[in-house]
Amino acid sequence: MTDMTADTADESHSIDTICVQGGWQPKNGEPRTPPIVQSTTFKYTSSEQMSRLFDLSESGYFYTRLSNPTNDVVAKKICELEGGTAAILTSSGQAANFFALFNICSAGDHIVASNAIYGGTYNLINVTMRRMGIDCTFVHPDCTPEELDAAFRPNTKAVFGESIANPSLMVLDFDKFAAAAHQHGVPLIVDNTFPTPVNCRPFKYGVDIVTHSTTKYMDGHGSCVGGAIVDSGNFDWMAHADKFPGLTTPDDSYHGVTYAKEFGNGGAFITKCVAQLMRDFGSIPSPFNSWVLGQNLEDLGLRMQRHCENGYKVAKFLESDPRISWVNHPGLETDTYYELAKKYMPNGTCGVIAFGVPGGREKVSALLDHLKLVSIATHVADSRSCILYPAGTTHRQLTDEQLKEAGVGIDLVRLSCGLENADDIIADLKQAMDAVL
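The structure presented is a predicted model; accordingly, all values stated were derived computationally and were not measured.

So what exactly am I meant to see when it comes to the state of the cysteines here?
In protein structure, a disulfide is the covalent linkage between the sulfur atoms of two cysteines. If you walk through the whole model with that rule in mind, you get zero disulfides. Considering cysteine sulfurs only, C308 is the nearest to C19, which forms no disulfide, with 13 Å between them. Classification of C19 as buried rests on a relative accessible area of 0%.

Put into C-alpha cells, the structure is as follows:
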C-alpha cells in the first residue's frame, strides 16, 4: 500500500488555495489535472517487491480495494483542508462513520455519542453496532460536563458527534466534548459534513478524527456518493495502549504489524483502517467518482460563501413570517447556537435551515408539495435547493421520544439552500406558504 500519511497544509496558504491546489503537485511534464487511474490492479516485475508491499515495508499500489492513486490524491487534498496527517476515502459517509468507530471498537466496547445526529448514523450506532456487541450511551449536545462525564464507562473507546447536527442544526461544543473524551483517554470523532473545513476545522479545538459525507457540500452537485476519514495525528495511542490493542499490539491478521509503533500517531489509525477494514469490507470509492469529487472540491470555498449567504437570507425571511413557528440556523443572531458557531465557525456555518410548520404532518406535506423551484429530495448540501421532512423520512425509524431527544420534532422541515438566487428561493417558499398556511 501507499504511505497513508500526508503533508499538513501550508499555513501560508488560505483554505481557498488548498481547495484548488491541494493534494496534487505535478512534476515536470506530468498532467496538471490529476489523472483517473481506472484500474483494479498494478503490475510488478518482482514478486519480492510485491511481498514488501503486502508487508507494508514499502510504499506502492497493488490492488484498488486497498488504495488507488486517484483516491489518494483526493484524500490528501481533504487531509490538507482539515489540517490532518492522514486520510482515506470511503464509498459513502455512512461507511466513513462506521469505519472510524469500528477501527477502535469491538464486541464488548462502548461509545458515547451525541443524540443530535443524522438518523442513519443514529441507527448505525443504536441498532447495527449494538448487534455487533458495541454498546452506546447517547447524550444531548447541551448536557452539562457532569452529565457527559457520567456517560462514560471503563470500556468506552470513543466519543462521537456532528459539528452541526443534521437536521436540528445544533452546534457541538468541541471544547466540552474533547475535554471529557481526553479525560477518559479516548478520541473525539466528529462528522464535519455541514460546515466543511472551509468554515470549521475541528482539529484546532481538540477533535482527534474527522469524518465527512463527501456526497454533500464537498461534491456539491449530487453526482457522487462518498465519504472521508481524516486523522489529526494528535491522539497518543501508545499512552492508552490497554484501551486500543488493535493499534498497540501486533496484528496477527496482517503480518504482526503494530500500527502505532510502525506508523506513529500520524499514520497508525488510517493505515489500520486500510489494512483491516478496507481489506475486509471493501467500501472503496470508484476512482472516477473520486476524480469528480476532486474537481468539485476546487470551488468549494466559493460555493460555501454563496450557500451561507443564501441560508442566512432565507432564514431571516422565515424568521420574519408569523406563519412559521420557529427557525434554527446557527448563522442567525437570534439562534441558540449563534455564539458557539461564531467561536468555532467564524467565517460562516452552512446553507441548511430547520424550521417549524404548524398544523402537523398534513400541513408539512402540503407545503412541500406546493414548492416548484425547491425539490423534495433525500439529499442536502447541494447546488440545487432541496427540502425534506425528516420525521417522515431520514428519521422515520426513531420513536417519538428519540425524535424529541434528537431535536427532530414532527413539525421540523429541513431546507437546504442551493446556489440559486436567494430571492427566487424565497419567492418559491412564499407562494407555497400562501397556498397552504
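Got a minute to help me understand helix α12 (residues 300-320) in this structure?
Residues lying three or four places apart along an α-helix face the same way, a consequence of the helix completing one turn every 3.6 residues. Helix length check: α12, at 21 residues, gives a terminal C-alpha distance of 30 Å against a target of 30 Å (1.5 Å per residue), a fit within 8%. Along α12, the residues that are buried comprise L300, G301, R303, M304, H307, C308, N310, G311, V314, A315, F317 and L318.

Would you take a moment to explain the packing of helix α14 (residues 360-369) against helix α16 (residues 422-436) for this structure?
Packed helices, taken two at a time, are described by the angle between their axes plus the distance between the axes. For the pair α14 and α16, interaxial distance at closest approach is 8 Å and the crossing angle is 135°. With respect to α16, the axis of α14 lies oblique. Like other packed secondary-structure pairs, α14 and α16 cross with a definite hand, here right-handed. Within the contact between the two elements, α14 uses K363, A366 and L367 and α16 uses A432, M433 and V436. Here the residues of the contact of α14 with α16 are counted per class, giving five nonpolar, no polar and one charged.

Please clarify how the sheet that holds strand β12 (residues 412-416) should be interpreted in this entry.
The five strands lie next to each other as β8-β9-β12-β11-β10, forming an open sheet whose pairing is mixed. Looking at the sheet topology across the chains shown, the edges are occupied by β8 (327-328) and β10 (375-376). Bridging between β10 and strand β11 (residues 386-388) involves two bridges; their strand directions are parallel. Bridging across to β11, I376 finds its partner in I387.

Help me understand the pattern of salt bridges in this model?
Charged atoms that come close allow side chains of opposite charge to pair. Summed over all chains, the structure comprises 13 salt bridges. Between D321 and R323 there is a salt bridge, with the nearest N and O atoms lying 2.9 Å from each other. Connected via shared salt-bridge partners are D321, R323, K430 and D434.

Help me out: how do you make sense of the side chain of H379 in this one?
Inspection of the secondary structure assignment puts H379 in the loop between β10 and β11. A relative accessible area of 17% places H379 in the buried class. Discounting residues that sit within four places of it in the chain, H379 has contacts with T215, K216, G222, C386 and R414.

Is there a simple way to explain the packing of helix α4 (residues 93-102) against helix α5 (residues 119-131) in this structure?
It is at 10 Å that the axes of α4 and α5 come closest, and there the two elements cross at 45°. By the angle between their directions, the pair α4 and α5 is classed as oblique. Considering the relative orientation of α4 and α5, their crossing is right-handed. Across the interface between the two elements, Q94, N97, F98, L101 and F102 of α4 pack against G120, T121, L124, I125 and M129 of α5. Its residues assigned to classes, the contact of α4 with α5 comprises six nonpolar, four polar and no charged.

How do you make sense of the pairing of strand β5 (residues 188-191) when you look at a structure like this?
In the case of a regular strand, side chains alternate between the two sheet surfaces. The side-chain alternation of β5 yields two buried faces, one formed by L188 and V190 and the other by I189 and D191. Pairing geometry for strand β4 (residues 156-162) and β5, over four bridges, is parallel. Residue pairing across strands places V159 opposite L188, the latter belonging to β5. Taken together, β4, helix α7 (residues 174-183) and β5 constitute a β-α-β crossover, and its handedness is right-handed. Relative to strand β6 (residues 209-213), β5 is paired through three bridges, and the arrangement is parallel. Pairing of D191 across the sheet is with T211, part of β6.

Explain unusual backbone geometry to me, please; I cannot follow it from the model alone.
Among all residues except glycine, the phi angle is most often negative; among peptide bonds, the trans geometry is most common. Here N166 and P167 are connected by a cis peptide whose omega angle stands at 10°. Mapped onto the elements of the fold, P167 is located in the loop between β4 and α7. The phi torsion at L56 lies on the positive side, around 65°, for a residue other than glycine. You can see L56 is positioned in the loop between α2 (47-54) and α3 (69-82). Despite not being glycine, L169 has its phi angle at roughly 70°, a positive value. You can see L169 is positioned in the loop between β4 and α7. By relative accessible area, L169 is classed as buried at 1%.

In this structure, what is going on with the environment of P195? I would like to understand it.
In this structure, P195 sits in the loop between β5 and α8 (196-199). Assessed through its relative accessible area of 0%, P195 is described here as buried. Residues P195 and I164, 31 residues apart in the sequence, show an inter-C-alpha distance of 7.0 Å. Sequence-distant contacts of P195, defined by excluding residues within four places in its chain, comprise S163, I164, C200, M304, M345 and T349.

Thresholds applied
- Residues numbered from 1 in each chain as written.
- Predicted model: local features only at pLDDT ≥ 70, side-chain atom pairs only at ≥ 80, totals over all residues.
- Heavy atoms only, no water.
- Disulfide = S-S within 2.5 Å.
- Buried < 20%, exposed > 50% of the residue type's maximum accessible area, 1.4 Å probe, protein only.
- Helix = DSSP H or I, 4+ residues; strand = E, 2+ residues; numbered from the N terminus.
- Expected span 1.5 Å × (residues − 1).
- Axes fitted to C-alpha atoms, helices over the stretch in contact; angles between N-to-C directions.
- Parallel < 35°, antiparallel > 145°, perpendicular 65-115°, else oblique.
- Left-handed = near helix turned anticlockwise from the far one by under 90°.
- Contact = heavy atoms within 4.5 Å.
- Nonpolar A, V, L, I, M, F, W, Y, C, P; charged D, E, K, R; others polar.
- Pairing = 2+ DSSP bridges.
- Salt bridge = Lys/Arg side-chain N within 4 Å of Asp/Glu carboxyl O.
- Right-handed = clockwise from strand over helix to strand, strands pointing away.

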